[in-house]
Amino acid sequence: MGFSAYTEGLTGYYIGIYIMVFLFGITIGSFLNVCIYRLPTGESLTKKNSHCMTCGTPIKWYDLVPVFSWLFLRGKCRACGSKISGRYILVESLTGILFVLTFIGFDVIVDGLLYPALLCLFIAGLIVIGFEDYDTQQMTVGVLLYLAAVAAVTRMLTTLLPKAARGCDVTATDGLIGMFAVSVPFLIFGFVLTPLIYSLFVSEDSKAARKIKKRLAKMSGNDKERAKLQKELDRHLSEIKKTGPVYGFGMGDIILMAAGGLMYGWKAAAVAAFTAIILGALYALVLRIKASRSDSEAVKAFAFGPFLTVGLVFASFFGTSLMDLYIDFITVPSIPTM
Ligand SMILES: [Zn+2]
């Protein structure tokens, strides 16, 4: 960050670039909104006709200006006055802000535009995956492939054309190690440890509870038998509640972290995973407390993807430097010899 001596006196020039990047970012953000809503249902992305979700009135072009139209209309449809989801302006402004922050991290005159532009392409995919997974608990294969492709192209370009991407401090080796650094532990955890833990501790009660529920549903009359079964069911359910939900990683999470590792290098990938796990654990704790206060039988599983994407975006800015700080911290300083 900061302006180098070489580019001093060009502050206005930089601010101009940031404004352009922001406007470009919010425009991309408005396309990302379309992706987030249409990709999970398999709708076409190129199909135009944007219309009000409530009254169906087609939206005029001047009401489709990213961020500004929403603000101007105060989040309401011009035709019927019904509320327009705040999600639109959230995704648009988030994209714009993250793009600008990415560019602020580089001196575009000295380092060139290539690397920050590639980072923005990756962040755009992360935004789509994060919201998609939050909404549907699923990630679209196409977006995962897009992220993997951007990461692969980035590593190739930064390796082959180091002069065009001077701002990049991730080497090809960092990227290749990063590809496996988090994804492989996730794979082992998700497909070996979790099923093992589940079969050892949880499944007996879940199986029993399911059986009893079925029997209760089939039963008619016979109150004594019913009460007995209900008591047994309550016992199993409280046992499940004690163990809590089982958290696993899906294939999407694994591919996401492989792409993230290739893009940002192993240092940032590790920081991303760590950030995601802390945030996810805090969220799980909140869900747990909420569930213990209500009568719901068990805490619902939730998507981990949104936390991973937040972790990756965070790591995109601070990952490598945080890990370097950590490595400095745990490394014993060598004593200079005479
Ligand atoms: Zn309307």
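Now for a quick tour of the structure. Here the structure is a predicted model, which is why all the values come from computation and not from measurement.

Rules and cut-offs
- Residues numbered from 1 in each chain as written.
- Predicted model: local features only at pLDDT ≥ 70, side-chain atom pairs only at ≥ 80, totals over all residues.
- Heavy atoms only, no water.
- Helix = DSSP H or I, 4+ residues; strand = E, 2+ residues; numbered from the N terminus.
- Buried < 20%, exposed > 50% of the residue type's maximum accessible area, 1.4 Å probe, protein only.
- Contact = heavy atoms within 4.5 Å.
- Areas by Shrake-Rupley, 256 points an atom, 1.4 Å probe, with all protein chains shown as cover.
- Donors = N, O, S within 2.8 Å, 3.2 Å for Na, K, Ca; no water.
- Tetrahedral: all angles 85-135°; square planar, octahedral: opposite > 155°, others 65-115°.
- Axes fitted to C-alpha atoms, helices over the stretch in contact; angles between N-to-C directions.
- Left-handed = near helix turned anticlockwise from the far one by under 90°.
- Nonpolar A, V, L, I, M, F, W, Y, C, P; charged D, E, K, R; others polar.
- Patch = residues over 30% accessible without salt bridge, like charges linked within 9 Å, V, L, I, M, F, W, Y side chains within 5 Å.
- Salt bridge = Lys/Arg side-chain N within 4 Å of Asp/Glu carboxyl O.
- Core = buried A, V, L, I, M, F, W, Y, C linked by side-chain atoms within 4.5 Å.
- Phe/Tyr/Trp six-rings, centres within 6.5 Å; stacked < 30°, edge-to-face > 60°.
- Lys, Arg positive; Asp, Glu negative; His and termini not counted.
- Charge placed at Lys NZ, Arg CZ, Asp CG, Glu CD.
- Polar contact = N/O pair within 3.5 Å; in protein donor to acceptor, adjacent residues only side chain to side chain.

## A closer look at the overall build of the chain
Logical step 1: In terms of regular secondary structure, the chain is built from 11 helices and zero strands.
Logical step 2: Here the chain holds 338 residues, and the buried ones make up 39% of them.
Logical step 3: Sequence separation of 24 or more characterises 74% of the internal contacts of the chain that already satisfy a separation of 6 or more.
Logical step 4: Only carbon and sulfur atoms are counted for the fraction: they give 68% of the accessible area of the chain, which is about 20000 Å².

## Section: the coordination of the zinc ion
Logical step 1: At the metal site, the zinc ion is ligated by C52 (SG), C55 (SG), C77 (SG) and C80 (SG), and these contacts range over 2.3 Å.
Logical step 2: Every donor counted, the four donor atoms about the zinc ion form angles of 104 to 119° at the centre, which fits tetrahedral coordination.
Logical step 3: Coordination of the zinc ion draws on donor residues from a single chain, spaced C-x2-C-x21-C-x2-C in sequence.
Logical step 4: You can call C77 buried: its relative accessible area is 11%.

## Observations regarding the environment of G25
Logical step 1: Looking at the element boundaries, G25 is found in helix α1 (residues 11–38).
Logical step 2: For G25, the contacting residues outside a window of four places in its chain are E92, T95, G96 and F99.

## Some points on the packing of α1 against helix α5 (residues 114–136)
Logical step 1: Running from N to C, α1 and α5 point in directions that differ by 35°, and their axes come no closer than 9 Å. Relative to α5, α1 is oriented so that their crossing is right-handed. Counting all contacts with α1, which are made through I28, L32, C35 and I36, the residues of α5 involved are A124, I127, V128, F131, E132 and D135.
Logical step 2: Residue composition of the contact of α1 with α5, by class: eight nonpolar, no polar and two charged.

## Overview of a nonpolar patch on the surface
Logical step 1: A cluster of nonpolar residues, F180, V184, L187, I188, F189, F191, V192, L193, L196, I197, M251 and I255, forms a patch on the protein surface that exposes about 1000 Å² of accessible area.
Logical step 2: Relative to the helices and strands, L193 is located in helix α8 (residues 183–218).
Logical step 3: L193 sits in the partly exposed class, given a relative accessible area of 36%.

## Observations regarding unusual backbone geometry
Logical step 1: The phi dihedral of V67 falls on the positive side, at around 60°, and the residue is not glycine.
Logical step 2: Within the secondary structure layout, V67 lies in the loop between α1 and α2 (68–72).
Logical step 3: Classification of V67 as buried rests on a relative accessible area of 8%.
Logical step 4: Notably, Q137 is not glycine yet its phi reads approximately 60°, a positive angle.

## Section: the environment of M219
Logical step 1: Within the secondary structure layout, M219 lies in the loop between α8 and α9 (223–243).
Logical step 2: Once residues within four sequence positions are removed from consideration, M219 is found in contact with E225, R226 and L229.

## Comments concerning the nonpolar core
Logical step 1: In this structure, F122, L126, F186, L256, M257, M263 and Y264 are the most contacted members of the largest nonpolar core, which totals 60 residues.
Logical step 2: When residues of this core are traced back to their parent elements, those giving at least two are α1, α3 (87–104), α5, α6 (141–160), α10 (251–293) and α11 (305–330).
Logical step 3: When residues of this core are assigned to their parent elements, the largest contribution, 14 residues, is made by α10.
Logical step 4: Ignoring anything within four residues of it in the chain, the contact list for L256 reads L126, I129, M139, L144, L147, G305, L308, T309 and L312.
Logical step 5: Grouped together as the second largest cluster of nonpolar side chains are seven residues, A209, L229, L233 and L237 included.

## Observations regarding the packing of aromatic side chains
Logical step 1: On inspection of all chains with the given rule, the structure shows nine aromatic pairs.
Logical step 2: With 5.6 Å between their ring centres and 85° between their planes, F106 and Y115 make a pair best called edge-to-face.
Logical step 3: Judged by its relative accessible area of 14%, F106 is buried.
Logical step 4: When the ring of F317 is compared with that of F318, the centres are 6.3 Å apart and the planes differ by 55°; the resulting orientation is tilted.

## Considering a positive patch on the surface
Logical step 1: Positive charge collects at one region of the surface, where K207, R210, K211, K214 and K218 lie side by side.
Logical step 2: Structurally, K211 is set in helix α8.
Logical step 3: K211 sits in the exposed class, given a relative accessible area of 61%.

## With respect to the side chain of S69
Logical step 1: Inspection of the secondary structure puts S69 in helix α2.
Logical step 2: Looking at S69, the relative accessible area reads 6%, which means it is buried.
Logical step 3: Within the local environment of S69, its side chain forms a polar contact with the backbone nitrogen of V65, the two atoms lying 3.0 Å apart.
Logical step 4: Dropping the residues within four chain positions of it, S69 is found in contact with Y62, D63 and L64.

## Focus on the pattern of salt bridges
Logical step 1: This structure, assessed with the given rule, holds three salt bridges.
Logical step 2: Taking the shortest distance from any N to any O, the salt bridge between D63 and R78 comes out at 2.7 Å. Of this pair, D63 sits in the loop between α1 and α2 while R78 sits in the loop between α2 and α3, and the two are 15 residues apart along the sequence.
Logical step 3: Its relative accessible area of 12% is what places D63 among the buried residues.

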